[in-house]
Amino acid sequence: MKKFDRKQMAARVAQDIPEGAYVNLGIGLPTLVADYLPKGREIILHSENGVLGIGPRPPEGEEDEDLINAGKEPVTLLAGGSYFHHADSFAMIRGRHLDYCVLGAFQVSAAGDLANWHTGAPDAIPAVGGAMDLAVGAKQVLVMMEHLTKDGKSKLVERCSYPLTGARCVNRIYTDLAVIDVTPDGLHLVEIVAEDLSFDELQKLSGVPLRYRAAA
Amino acid sequence: MKKFDRKQMAARVAQDIPEGAYVNLGIGLPTLVADYLPKGREIILHSENGVLGIGPRPPEGEEDEDLINAGKEPVTLLAGGSYFHHADSFAMIRGRHLDYCVLGAFQVSAAGDLANWHTGAPDAIPAVGGAMDLAVGAKQVLVMMEHLTKDGKSKLVERCSYPLTGARCVNRIYTDLAVIDVTPDGLHLVEIVAEDLSFDELQKLSGVPLRYRAAA
Amino acid sequence: MINKIFATPEAALADVPDGATVMISGFGGAGMPALLIDGLIAQGATNLTVVNNNAGNADSGLAALIGAGRVRKILCTFPRQADSWHFDKLYRAGKLELELVPQGTLAERIRAAGAGIGAFFTPTAFGTRLAEGKETRHINGRDYVLEYPIHADYALLKADRADRWGNLSYRKTARNFAPIMASAAKCTVVQVRETVALGELDPETVVTPGIFVQRVIKSPS
Amino acid sequence: MINKIFATPEAALADVPDGATVMISGFGGAGMPALLIDGLIAQGATNLTVVNNNAGNADSGLAALIGAGRVRKILCTFPRQADSWHFDKLYRAGKLELELVPQGTLAERIRAAGAGIGAFFTPTAFGTRLAEGKETRHINGRDYVLEYPIHADYALLKADRADRWGNLSYRKTARNFAPIMASAAKCTVVQVRETVALGELDPETVVTPGIFVQRVIKSPS
């Protein structure tokens with residue numbers, strides 16, 4: 001079996017985002033999706049710190065400390081971009097104006113519950129950012145994560161053991177092994193992306209039953 | 001007895017508005033206050049349709065249909081003025097950022113209840129505008145009205161018979177006869193403005209007991 | 001390529017169904033989308049619920065839509081005007097339902113719809129006839145009334161300039177209700193004085209980002 | 001003549017009392033009012049409640065205020081950072097209270113304070129640990145959590161340009177929390193890159209009208 005690497009995962013997510021979509025890419029792995037959006041497809045990226053129309057990272061030496069994304073990385077603004085304050089930015093999110101958000105995850109449950117902000121460790125310093133708003137607000141919540149934890153456990157679970165970010169909010173999951181839809185009757189496999197991985201093998205690596213479904 | 005005319009009433013209200021105040025002048029009689037603000041005293045006028053820093057009426061022929069006040073009259077904008085949308089405009093009002101509003105009234109009660117939007121007539125078409133927001137929002141609610149109705153009844157009443165605009169919201173009342181404060185223990189006379197009117201005569205014309213009080 | 005600029009009001013309004021809730025911007029004449037209202041009259045949708053500050057003046061714009069008998073219900077703050085005769089007549093005849101809303105509550109309910117707020121407590125109208133039957137609550141020394149969002153199927157708006165992404169700027173007090181209505185409707189249609197190339201609107205001064213706008217029509221000059 | 005421009009941060013911050021609630025703008029470094037935070041440290045007020053997106057980075061700005069032991073409680077959304085060591089140490093020692101708030105709820109609670117809203121229902125955090133103990137309600141098919149406004153005694157903000165009435169414009173994503181914090185504080189103090197003559201800011205592009213601003217300080221260039 002050959003798993004997708006991070007770049008392949010980002011490209012696979014990018015492929016599903018249509019022309020004209022308004023999209024928020026979460027901090028970390030999801031940010032990588034921006035680099036793989038198909039050329040010529042106009043997609044408008046939002047960041048919760050008050051900007052629509054994010055462009056590529058600026059060339060070295062041309063960073064502007066006043067122009068950053070939610071991950072506090074320097075970005076640029078495309079022609080047609082705009083700035084707004086935090087309440088307006090989250091009005092866009094909470095008011096269901098974003099077509100997609102792409103979030104990382106620790107765990108996703110069979111019901112689409114998302115856990116991505118807290119490991120539940122009693123001594124951990126919690127931090128939530130905009131994840132809970134994105135989870136309830138975006139029209140389509142896409143999760144992008146490795147299929148397994150570092151010690152080989154499935155991140156797809158019957159019930160999240162980590163504290164929830166949002167309940168029943170995830171629509172589609174992209175892992176390094178597969179693309180999986182969350183439906184009212186459980187998880188449906190859209191596509192196996194890892195090379196030389198059978199459905200039965202994927203099922204064994206997954207903590208919840210998967211069903212076949214024709215790709216959307 | 002010689003009552004104050006409308007201009008004298010407006011000038012008397014204007015005299016009490018201090019330098020630097022943010023003020024909303026209601027439609028009708030209160031709008032007249034703008035013409036009597038003391039020269040050299042910088043006062044910033046707000047209108048609920050989304051403008052701060054209203055200047056005088058434009059010269060004939062220089063009206064701009066996109067620059068109007070809440071009474072839909074053409075106005076101008078002073079240097080330092082700004083525009084904003086209706087939700088932001090009423091955030092200013094409701095959020096207690098306006099120092100003063102000046103409103104007309106049908107009736108004011110001894111407790112400071114205000115009735116200024118509806119006569120209670122069953123066949124009347126109601127209209128409320130921004131009055132209820134101003135009544136609860138401005139730090140100081142000033143009422144400007146004639147002391148008596150056209151048929152000689154006191155507009156100061158024990159209890160409003162007309163539907164309320166706001167409860168216990170009025171701070172000071174300016175009539176063509178007197179200036180009166182609303183206090184926790186009833187109405188206090190600040191000043192008689194009509195010529196040749198004694199306190200006893202004023203009391204007879206008023207539907208509620210008035211007390212003397214040193215002018216503020 | 002994203003292009004929200006439509007060629008004609010007919011095309012931009014073709015799918016408005018009977019029974020739709022339609023927000024219309026403007027405060028008096030300032031910001032009233034006359035071209036789009038005329039387009040809606042020509043289009044023929046009826047049984048509409050309209051959200052506007054007023055209930056029409058004289059015989060054009062919203063008053064003409066009301067006069068044509070297309071409006072079932074209106075949510076507004078100040079229907080009664082010297083020249084609101086079309087409204088007055090149908091209202092008195094019991095043919096037009098009115099929900100009278102204080103102006104700031106109207107604005108905040110529209111904004112709440114756009115911002116995904118389920119309900120909010122406002123001090124406005126507490127203790128008055130307009131709060132009768134509504135849930136109230138005493139919070140931190142003050143009395144409040146619970147109010148719910150107003151969502152719309154369409155918003156018909158007027159702005160000053162737009163680009164093909166639907167970013168908008170406005171002119172003076174013609175801004176009024178348009179930015180919040182844009183956020184509260186499923187389909188926001190905007191008539192503008194001028195369309196400009198992408199990037200011509202200063203990103204610091206875009207008042208309505210294009211995410212809230214679906215269709216743009218340039219007014220004939 | 002109205003003149004909100006102060007000569008020094010000392011003068012603009014002289015009256016901040018111990019125990020004050022202080023909002024501080026900025027998202028990371030963008031929009032962080034470093035001059036005013038340094039002024040507050042020098043001024044000496046302690047036992048403060050601070051509202052910010054984060055809990056300080058490295059050893060300057062908010063981190064320095066926390067490191068100096070002046071903060072009793074912080075309301076923020078993302079305290080944990082690679083370089084939030086001042087916060088981490090005091091928090092782990094039980095010397096600093098944390099109220100963790102989802103970012104959109106933090107923004108909306110600040111906006112609600114400025115807008116006179118008594119409380120609001122938001123869908124964010126429903127069913128999560130951050131909604132535990134809070135009132136919830138099912139409205140029109142969706143679940144919501146009741147949230148209350150956050151008021152402040154002072155807001156320390158950074159903007160780009162200001163005039164003597166306190167009108168403000170911002171630069172790019174440095175705008176972030178400043179406009180809503182300006183509305184939520186009894187006394188809003190702003191450091192700006194540049195002060196300009198009245199009328200120099202385009203009235204269409206003033207982001208924070210001066211009604212929300214009490215004091216302005218020009219940053220040394």
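Scroll up to find the structure this text is about.
Summary of the structure given here. (Residues numbered from 1 in each chain as written. Chains lettered and ligands numbered in written order. Predicted model: local features only at pLDDT ≥ 70, side-chain atom pairs only at ≥ 80, totals over all residues. Heavy atoms only, no water.)

Residue and element names in this part refer to chain C. Neither face of strand S2 (residues 48–51) is exposed, since Leu 48 and Val 50 on one face and Thr 49 and Val 51 on the opposite face are all buried. Taken together, the three bridges between strand S1 (residues 21–24) and S2 define a ladder with parallel strand orientation. Following the sheet pairing, Met 23 is matched in S2 by Val 51. Handedness of the crossover joining S1 and S2 through helix H2 (residues 34–43) is recorded here as right-handed. The sheet contact formed by S2 and strand S3 (residues 71–76) spans four bridges and is parallel. Across the sheet, the residue bridging to Thr 49 is Lys 73, located in S3. Viewed along the sheet, the connection from S2 through helix H3 (residues 62–67) into S3 turns out right-handed. (Buried < 20%, exposed > 50% of the residue type's maximum accessible area, 1.4 Å probe, protein only. Helix = DSSP H or I, 4+ residues; strand = E, 2+ residues; numbered from the N terminus. Pairing = 2+ DSSP bridges. Right-handed = clockwise from strand over helix to strand, strands pointing away.)

Moving on to the environment of A:Leu37. Residue and element names in this part refer to chain A. Relative to the helices and strands, Leu 37 resides in the loop between strand S1 (22–25) and strand S2 (44–47). The class of Leu 37 is buried, set by a relative accessible area of 15%. Setting aside residues no more than four positions away along its own chain, Leu 37 makes contact with Ala 14, Ile 43 and Leu 45. (Contact = heavy atoms within 4.5 Å.)

What follows covers the packing of helix H2 (residues 86–94) of chain B against helix H5 (residues 103–115) of chain C. Packing of H2(B) against H5(C) leaves a shortest axis separation of 9 Å and a crossing angle of 125°. Taken together, the axis directions place H2(B) and H5(C) in an arrangement best described as oblique. Of the two elements, H2(B) crosses H5(C), and the hand of that crossing is left-handed. Side by side, H2(B) and H5(C) meet where B:His86, B:Ala87, B:Phe90 and B:Arg94 of the first sit next to C:Gln103, C:Gly104, C:Thr105, C:Ala107, C:Glu108 and C:Arg111 of the second. Here the contact of H2(B) with H5(C) is built from residues that sort into three nonpolar, four polar and three charged. (Axes fitted to C-alpha atoms, helices over the stretch in contact; angles between N-to-C directions. Parallel < 35°, antiparallel > 145°, perpendicular 65-115°, else oblique. Left-handed = near helix turned anticlockwise from the far one by under 90°. Nonpolar A, V, L, I, M, F, W, Y, C, P; charged D, E, K, R; others polar.)

By the definition in use, this model includes 52 salt bridges over all chains. C:Glu147 serves as the salt-bridge partner of C:Lys134, at 3.0 Å between the closest nitrogen and oxygen. Note that C:Lys134 is positioned in the loop between strand S5 (119–122) and strand S6 (136–139) and C:Glu147 in strand S7 (residues 142–147), a separation of 13 residues in sequence. The shortest N-O distance in the salt bridge between D:Glu135 and D:Arg137 comes to 3.9 Å. Each of the salt bridges in this network shares a partner with another, and the network as a whole consists of C:Arg72, C:Lys73, C:Glu97, C:Glu99, C:Arg109, C:Lys134 and C:Glu147. (Salt bridge = Lys/Arg side-chain N within 4 Å of Asp/Glu carboxyl O.)

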